[in-house]
Amino acid sequence: MDCAEPCKPMENRNIPQLSVVLPVYQEYDVIRRVIMQLVKTLEQAELSFEIIVVDDGSTDGTREILHDLASSNPKHIHIICHPYNKGNGAAIKTGINAVRGEMIFCMDADGQHDPQNIFHMLPYMSEYDLIVGARTMNYQGKWYRNLANKFYNSLSSWLTKFPIKDLTSGCRLFRASIVKQYVHLFPARFSYPTTSTLAFIKGGHNVKYVPIEVHQRKGNRSKIKPLRDGWRFLIIILKIIVIFEPLRVFLPAAFVLFLLGCFSSTYSMLHLGRLHIPNSGVLLFISSVLIFLLGLISEQIAALHISQSKGNT
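Residues numbered from 1 in each chain as written. Predicted model: local features only at pLDDT ≥ 70, side-chain atom pairs only at ≥ 80, totals over all residues. Heavy atoms only, no water.

**Some thoughts on the overall build of the protein chain**
Counting its secondary structure elements, the protein chain contains 10 helices and 7 strands. For the protein chain, buried positions account for 49% of its 313 residues. Considering only intrachain contacts with a sequence separation of at least 6, the fraction spanning at least 24 residues in the protein chain is 80%. Roughly 16,300 Å² of accessible area belongs to the protein chain as shown, and the carbon and sulfur atoms make up 60% of that amount. (Helix = DSSP H or I, 4+ residues; strand = E, 2+ residues; numbered from the N terminus. Buried < 20%, exposed > 50% of the residue type's maximum accessible area, 1.4 Å probe, protein only. Contact = heavy atoms within 4.5 Å. Areas by Shrake-Rupley, 256 points an atom, 1.4 Å probe, with all protein chains shown as cover.)

Right under this line is the structure:
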C-alpha cells in the first residue's frame, strides 16, 4: 500500500470507555501477535474499547498487516497513518487526539508489555489520573540503561518532591480529559513518558505507580541511544520543571554561582593577604543575582499561565 495513502477516518462509532493508543514503527515481525493478544485480552474486560494504532511511517510491511487486522476487526481496530516517520511522541499525540474513550491506555508495540497489565491498573482509575506501570527489579535491561534510568528517576524525584519509580515506562493509563490538556507539551521524538509524568505531578494531579513485569524486547532494537540521547532527557526534565516551578531550577543554579563567587573571593584574599574581590568573583556574584531574579520573574509567569489554563478548563 502506498505510504502516502491516508487511512480511513473513524466515524460513526459508539463512544468507548477505554481507548488504547499503540504507536508502531517497523514492527513487522511482532505486530500481528501483539494486536491479536491485545484484542483477546480486552474482550475479557467488562467495558467497551477501541484500539488506535498509529503507524509512524513504517516501510517494512507493517502497514499492510495493520490494514489487514483493521479489515478483519473494524469494530475495535482503527488505523491512523503518518506518511513518514515523525517519532514516538508524535505518534502518541496523534493517537491521543483521535481517541474518544474516557480512559487512555498506552503501551509499546514491540512485545515488551503484557496487555494483562491493564487489569492491574484499572482498579486505581477512580482515584488517580495517571497510573504508570513501573518495571520491577527483575527487568533485564542493559546495565547502562538501568543506571541511566536510576539517575533520571532520582533527579526527577528531587525536582518534583515526589517519589518517581519509573520515569520512562511506556506502559501507562491516563484520564483522557486531563492528558489532553498536556498533550501539546509532548516532544515529537521522545520522551513522552517523561513529559507526561512530570506534567501530571507538577500540575497537581494524582499519580500512581503499579509494579509490572516487562518482557525482553521482541521487535526492533530500541531507537534510543543513551550516549546520544541522554542529554535530551535532561533537557526535557528541566523544561517541564521550568514550565511549572522555575525556581526549582533557577534557585540552585544561583546558589552554586554565589558559592563559587565566595570561593573565588576568599581564595583571592588569602593569596593577597588583603580584602580583594577579583573580577571573576564580581562576575559570579552578579550572575547569581541575575539568575535568581530571572527565576522570580519566571515563577510569576508560570503561575499566571497555570491560573489561565485552569480557568479555561
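Here the narrative resumes.
**Quick word on the sheet that holds strand 6 (residues 172-175)**
The strand order 3-2-1-4-6-5-7 describes an open sheet built from 7 strands, whose pairing is mixed. Single-partner strands in this sheet number two, and they are strand 3 (77-82) and strand 7 (207-212). Shown here is a sheet whose adjacent strand axes are inclined to one another by a mean of 20 degrees, direction ignored. Against the sheet, helix 7 (residues 192-202) engages strand 4 (103-106), strand 5 (130-135), strand 6 and strand 7, with an angle of about 45 degrees to strand 6. (Pairing = 2+ DSSP bridges. Axes fitted to C-alpha atoms, helices over the stretch in contact; angles between N-to-C directions.)

**Notes on helix 7**
For helix 7, the buried fraction is high: 11 of the 11 residues fall into the buried class. In the stretch just after helix 7, glycine 204 is the one whose phi turns positive, near 85 degrees.

**A look at the pattern of salt bridges**
Under the counting rule described, the total for this entry stands at 5 salt bridges. For arginine 32, the salt bridge is made with aspartate 68, and the minimal N-O distance between the two is 3.1 Å. One end of the pair, arginine 32, is in helix 1 (residues 31-43); the other, aspartate 68, is in helix 2 (residues 62-72), and 36 residues separate them in sequence. By relative accessible area, aspartate 68 is classed as partly exposed at 40%. (Salt bridge = Lys/Arg side-chain N within 4 Å of Asp/Glu carboxyl O.)

**Remarks on the environment of aspartate 60**
By secondary structure assignment, the location of aspartate 60 is in the loop between strand 2 (49-56) and helix 2. Taking the C-alpha atoms as reference points, aspartate 60 and tyrosine 25, 35 residues apart in sequence, are found 8.9 Å from one another. Residues in contact with aspartate 60, not counting those within four places in the same chain, are Gln26, Glu27 and Tyr28. Polar side-chain contacts of aspartate 60 include one of 2.6 Å to the side chain of threonine 62. (Polar contact = N/O pair within 3.5 Å; in protein donor to acceptor, adjacent residues only side chain to side chain.)

**Here's the deal with the pairing of strand 6**
Note that strand 4 and strand 6 share 4 bridges and pair antiparallel. Bridging from a neighbouring strand, phenylalanine 105 pairs with leucine 173 of strand 6. Sheet topology note: the strand 5/strand 6 ladder contains 3 bridges and is antiparallel. Note that in strand 6 the partner of isoleucine 131 across the bridge is leucine 173.

**Concerning the pairing of strand 3**
Buried residues dominate strand 3, accounting for 6 of its 6 residues. Here strand 3 shows no split at all, with Ile77, Ile79 and Cys81 on one side and His78, Ile80 and His82 on the other all buried. Relative to strand 3, strand 2 runs parallel, the two being bridged by 6 bridges. Bridging from a neighbouring strand, aspartate 55 pairs with cysteine 81 of strand 3. Handedness of the crossover joining strand 2 and strand 3 through helix 2 is recorded here as right-handed. (Right-handed = clockwise from strand over helix to strand, strands pointing away.)

**Details of the environment of valine 54**
Counting through the fold element by element, valine 54 comes out in strand 2. In this structure valine 54 comes out as buried when scored by relative accessible area, which is 0%. Spatially, the C-alpha atom of valine 54 lies 8.6 Å from that of histidine 78, the residues being 24 residues apart in sequence. Once you skip the residues sitting within four places of it in the chain, valine 54 turns out to touch Leu22, Pro23, Val24, Ile80, His82, Ala91, Thr94 and Gly95.

**Overview of a nonpolar patch on the surface**
A cluster of nonpolar side chains, Leu251, Val289, Phe292, Leu293 and Leu296, forms an exposed patch at the surface whose accessible area comes to about 390 Å². Per element, the largest residue contribution to the nonpolar patch is 4 residues, and it comes from helix 10 (residues 279-312). Along the polypeptide, leucine 251 turns up in helix 9 (residues 247-272). The class of leucine 251 is partly exposed, set by a relative accessible area of 42%. (Patch = residues over 30% accessible without salt bridge, like charges linked within 9 Å, V, L, I, M, F, W, Y side chains within 5 Å.)

**As for the side chain of serine 169**
Structurally, the position occupied by serine 169 is in the loop between helix 5 (143-160) and strand 6. Using a relative accessible area of 1% as the deciding quantity, one classes serine 169 as buried. Here the side chain of serine 169 touches glycine 133 through a polar contact of 2.5 Å, landing on its backbone oxygen. Residues in contact with serine 169, not counting those within four places in the same chain, are Val132, Gly133, Arg135 and Pro193.

**Focus: the packing of helix 1 against helix 2**
At a minimum axis separation of 10 Å, helix 1 and helix 2 run at an interaxial angle of 30 degrees. On the basis of the axis angle, helix 1 is roughly parallel to helix 2. The hand of the helix 1/helix 2 crossing is right-handed. Note on element contacts: helix 2 touches helix 1 through Thr62, Ile65, Leu66, Asp68 and Leu69, opposite Ile31, Arg32, Ile35 and Met36. Counted by class, the contact of helix 1 with helix 2 contains 6 nonpolar, 1 polar and 2 charged residues. (Parallel < 35°, antiparallel > 145°, perpendicular 65-115°, else oblique. Left-handed = near helix turned anticlockwise from the far one by under 90°. Nonpolar A, V, L, I, M, F, W, Y, C, P; charged D, E, K, R; others polar.)

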